[in-house]
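# Notes for the structure review
For reference, the chains in residue letters:
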Amino acid sequence: MPPAGNIGGTRRPGTLVAGWKWDIGRLGTGVTNFLCQKLAAGLINNLEPSDFFTLNGVKVRSDLVEFPEANFYLNEKSNLVLFMGDVPEFRWFQFFNRVFDISEQYISIQQFFVIGGISTFLYHTGGRDLIGIYNSQEMKRSLDGSGLASEFDYETPPDQKPSINSFFLWAAWKRQISGACIFATVPFYLADLDDYAAQKSVLNFLNQRLNLELDLSEFEDWQEKLEVKIDDTQRLIPEVEYYLDKVKKYRLLDEDEQTALTRFIFENCKD
Amino acid sequence: MGVIFYQEPQLNNPDMVACWPGIGNIGFIAINTLKSQLEVEELGEIESWEFFYPLKSVVKASILEKLIFPSSKFYFKKRRKRDLILFIGEEQPSHGDSIYARGASAYRIASLVLEVANRFNCRRIYASGAAISFTHHELKPRVWAVTSNRDLKREITTFANVILMSQIEDKREIGNITGLNGILPGLAKQMGFESMCLMGEIPDYLAGLPFPYPRASRSVLEILTRILELEIDYSNIDELIFETDEIVREIYYSLPLETREKIDQRKSNQSYLHGSITEEESNWLKEHLDDLLKKTGGS
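If you're wondering where the values come from, they're calculated on a predicted model, not measured in any experiment.

Turning our attention to the overall build of chain B. Per the secondary structure count, chain B includes eight helices and eleven strands. Burial statistics for chain B: of 299 residues in total, 42% are counted as buried.

Below, the structure written as structure tokens:
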């Protein structure tokens, strides 16, 4: 049986959207899970992990075992393939190509978006910015006016490495697939939690770009609940109030303060 | 995916010398010294993205302009007798939990290097790495050799300061060379090349430190230049030796007196084994490594 998007042997032009598990603000899981659910995108394929993960044991998070995942979902109506997986540990380029190969069994990839979060000194009630990094002038031009901040100059600092999303975008360019990294700003202390406001920003962008006509109002409720939890934590723990006040006024905390605030918020606001 | 050639020179029965970083960067410094001294020309490079995570990204006006990967480059030098090809890999392809390549990536990159050797009719492949030894940092590092055949084995032992791995007291007939500096001569032998790995000695108590050990690189260079009949100037590597000797001395004097005494026995006892530091002492070193490096200003 041909893959669903491969009707009559001709693949329809479509979009690949990729995200990572346990991304900053849980952007990857939040966005792809919502899209899968609302678009009824079904699991269509997965990628064998043994070529890309050491598999010398299993990760345990909050007492739950986790096995590396790399799953593909398809929404036929929008010709949309969603990829959600763990970041590979090695053979990254081959991994990206496998993602493209598998996606192209279902659609002819016309555009590719990889989403991610950027940890910043943003206060949690502030608006989330979306930043676009493109692998071609055409893609940049086509996204002009879509609300993405798009005039960045950047070089990886000497003590850091490029993001996995930059590498993914570059691999797309090698295959002549037009693509963009869509980064949403996330308050650093929400990095390990669902940042619903950031997830909504990314979904807003995809909603418009792909004409998905999705109702995103649920995100406002979820964000409101998160903010109530943060307020409660502030009332309970004076240090948190002090740190958050500093972030709000000066957008600055030292490393120890950042660690402490992130820990307090995570422990008190996780689901 | 494979190798990109910048030019296709006619080379006369070249030898190939290859290296990747490893303990003390011993071979890496030796071969890089050759590269800088010989006025080599660039021959080509392995498409690195197949093996490595990028080191740097450059974004201009929000366009991803380029990713820079660890380089894996070939160089050549035309000479009166046999020509020379150098291969320098800036990193070993990692496998998630180790700095040494292994498995499919190691085999693939070593195969690509040897495909180039084959294309230019190389006769011999030389690799170089580290030999962790119960030696002393004030002793001249010896060069341990392993070869692909008995003739080469005989040939290499005619050079002073070279010792076969089997002659090391605790090694007997069995040894192991970790990573690509070992895999390459092994695969080269299987593909029908003559091959040799030259390993400069590094004292066991310095092997875990994150800085180079150019004394051993010099020993390797002395042998390689004689084999390949090359003349080089050692002043740059001697300068590097001078700098690292300072750090090594400071580390040595920060060791407990008992450990120092044990290490010092090695200077008068060429079998070395009697002066080996215990596992406990080795663990002590590892635990205090950060403090030692802070004191000495190492990184």
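Attention now moves to the overall build of chain A. Helix and strand counts for chain A stand at eight helices and ten strands. Its C-alpha atoms give chain A a radius of gyration of 19 Å, near enough to 18 Å, the size a compact globule of 271 residues would have. Its C-alpha atoms give chain A principal-axis dimensions of about 65 × 45 × 40 Å. Pairs at least 24 apart in sequence give 75% of the contacts found in chain A among residues at least 6 apart.

Facing the 26 residues of chain A at the interface are 20 residues of chain B. Elements that contribute at least two residues to the side of chain A that touches chain B include exactly α2 (92-103), β8 (130-134), α3 (137-142), β9 (154-155) and α4 (164-174) of chain A. When residues of the side of chain A that touches chain B are assigned to their parent elements, the largest contribution, four residues, is made by α4(A). Across two bridges, the pairing between β9(A) and strand β4 (residues 56-60) of chain B is antiparallel. Within the sheet, the bridge partner assigned to Glu155(A) lies in β4(B) and is Val58(B).

This brings us to the domain arrangement of chain A. All names here are of chain A. As assigned here, chain A comprises domain 1 (12-215) and domain 2 (221-269). The C-alpha-based centres of domain 1 and domain 2 are spaced at 27 Å. With twelve residues of domain 1 at the contact, the number on the domain 2 side is 15 residues. Classifying every residue of the side of domain 1 that touches domain 2 by side-chain character gives nine nonpolar, two polar and one charged.

Residue and element names in this part refer to chain A. Looking at the secondary structure, you find Gln111 in strand β7 (residues 107-120). Of the residues examined, Gln111 has 20 C-beta atoms within 10 Å and is grouped as buried. Between the C-alpha atoms of Gln111 and Leu74, which are 37 residues apart in sequence, the distance is 15 Å. For Gln111, the residues in contact, after removing those within four places along its chain, are Thr15, Ser178 and Gly179.

Once that is clear, we can look at the packing of helix α1 (residues 26-37) of chain B against helix α5 (residues 214-228) of chain B. All names here are of chain B. Direction vectors running N to C along α1 and α5 enclose 55°, while the axes themselves pass 8 Å from each other. Between α1 and α5, the crossing angle belongs to the class labelled oblique. Our pair here, α1 against α5, has a crossing hand that is right-handed. Contacts from Ile26, Gly27, Ile29, Ala30 and Thr33 in α1 reach Pro214, Ala216, Ser217, Val220, Leu221 and Leu224 in α5. Here the contact of α1 with α5 is composed, by residue class, of eight nonpolar, three polar and no charged.

Take α5(B) next. Residues and elements named next belong to chain B. Under the 1.5 Å per step criterion, the end-to-end length of α5 is 20 Å for 15 residues, consistent within 8% with the ideal 21 Å. The buried count for α5 comes to eleven of 15 residues, which makes it a mostly enclosed element. Within the span of α5, buried status applies to Pro214, Arg215, Ala216, Ser217, Arg218, Ser219, Val220, Leu221, Glu222, Ile223 and Leu224. Of the residues one or two after α5, Glu229 is the one with positive phi, at around 55°.

Moving on: the nonpolar core. Among the nonpolar cores identified, the biggest contains 153 residues, and Val202(A), Val113(B), Ile125(B) and Leu198(B) are the most heavily contacted of them. In terms of residue count, the dominant contributor to this core is helix α2 (residues 103-119) of chain B (eight residues). Counting residues domain by domain, this core receives three or more from each of domain 1 (12-215) and domain 2 (221-269) of chain A.

Looking now at the sheet that holds strand β3 (residues 41-46) of chain B. Residue and element names in this part refer to chain B. Strand order in the open sheet formed by nine strands is β1-β3-β6-β7-β2-β8-β11-β9-β10, with mixed pairing between adjacent strands. This sheet does not close on itself; its edge strands, each paired only once, are β1 (3-5) and β10 (162-164). Within this sheet the neighbouring strands show an average axis-to-axis angle of 25°, counted without direction. For strand β2 (residues 15-19) and strand β8 (residues 124-133), the ladder comprises three bridges, and the chain directions are parallel. Bridge pairing in β8 places Met16 opposite Ile125. The strands that α1 touches are β2, β6 (72-77), β7 (84-89), β8 and β11 (194-203); relative to β8, the one it contacts most, it runs at about 135°. Across the sheet, helix α4 (residues 180-190) lies against β2, β7, β8 and β11, angled at about 140° from β8, the strand it touches most.

Residues and elements named next belong to chain B. Orientation of α2 relative to α4, taken along the N-to-C sense of each, is 60°, at an axis distance of 10 Å. As far as their axial angle goes, α4 and α2 are oblique. Judged by the sense of rotation from one axis to the other, the crossing of α2 with α4 is right-handed. For the pair α2 and α4, the contacting residues are Ala106, Ile109, Ala110, Ser111, Val113 and Leu114 in the first and Leu180, Ile183, Leu184, Leu187 and Ala188 in the second. Tallied by class, the residues present in the contact of α2 with α4 amount to ten nonpolar, one polar and no charged.

Here the focus is the environment of Met16(B). All names here are of chain B. Within the secondary structure layout, Met16 lies in strand β2. Accessibility expressed as a C-beta count within 10 Å gives 26 for Met16, which makes it buried. Counting along the chain gives 67 residues from Met16 to Asp83, while the straight-line C-alpha distance between them is 8.8 Å.

The rules we used
- Just so you know, the residues in each chain are numbered from 1, in the order the chain's sequence is written.
- Whichever chain is written first is A, and whichever ligand is written first is 1; the rest continue in order.
- In keeping with the model being predicted, local features are shown solely for residues with a pLDDT of at least 70 and side-chain atom pairs are shown and tallied solely at 80 or more, while totals for entire chains, interfaces and linings include all residues.
- In DSSP terms, a helix is any run of H or I states spanning at least four residues, a strand is any run of E spanning at least two, and both are numbered starting from the N terminus.
- Burial is judged by counting the other C-beta atoms within 10 Å of a residue's own C-beta: 20 or more makes it buried, 12 or fewer makes it exposed, and any count in between marks it as partly exposed, with every C-beta position built from the backbone.
- Atoms counted for the radius of gyration: C-alpha only. Globule rule: 2.2 Å times the number of residues to the power 0.38.
- Contact between residues is assigned whenever the C-beta positions, reconstructed from backbone atoms, fall within 7 Å.
- Any two strands with at least two DSSP-identified bridges between them are counted as paired.
- A domain assignment, automatic or from a database, supplies the domain bounds used here.
- Lys, Arg, Asp and Glu make up the charged group, whereas Ala, Val, Leu, Ile, Met, Phe, Trp, Tyr, Cys and Pro make up the nonpolar group; the residues left over, Gly among them, are polar.
- Convention adopted: a line fitted to C-alpha atoms gives each axis, helices being fitted over their contacting stretch, and angles between N-to-C directions are expressed from 0 to 180 degrees.
- In these notes the angle categories are as follows: under 35 degrees is roughly parallel, over 145 is roughly antiparallel, 65 to 115 is roughly perpendicular, and the rest is oblique.
- Whether a crossing is left-handed or right-handed is set by the direction in which the near helix is turned from the far one by less than a right angle, anticlockwise for left-handed and clockwise for right-handed.
- Helices are assigned an expected span. That span is 1.5 Å times one less than the residue count.
- Only buried residues count toward a nonpolar core: Ala, Val, Leu, Ile, Met, Phe, Trp, Tyr and Cys, linked into one set through C-beta atoms within 7 Å.

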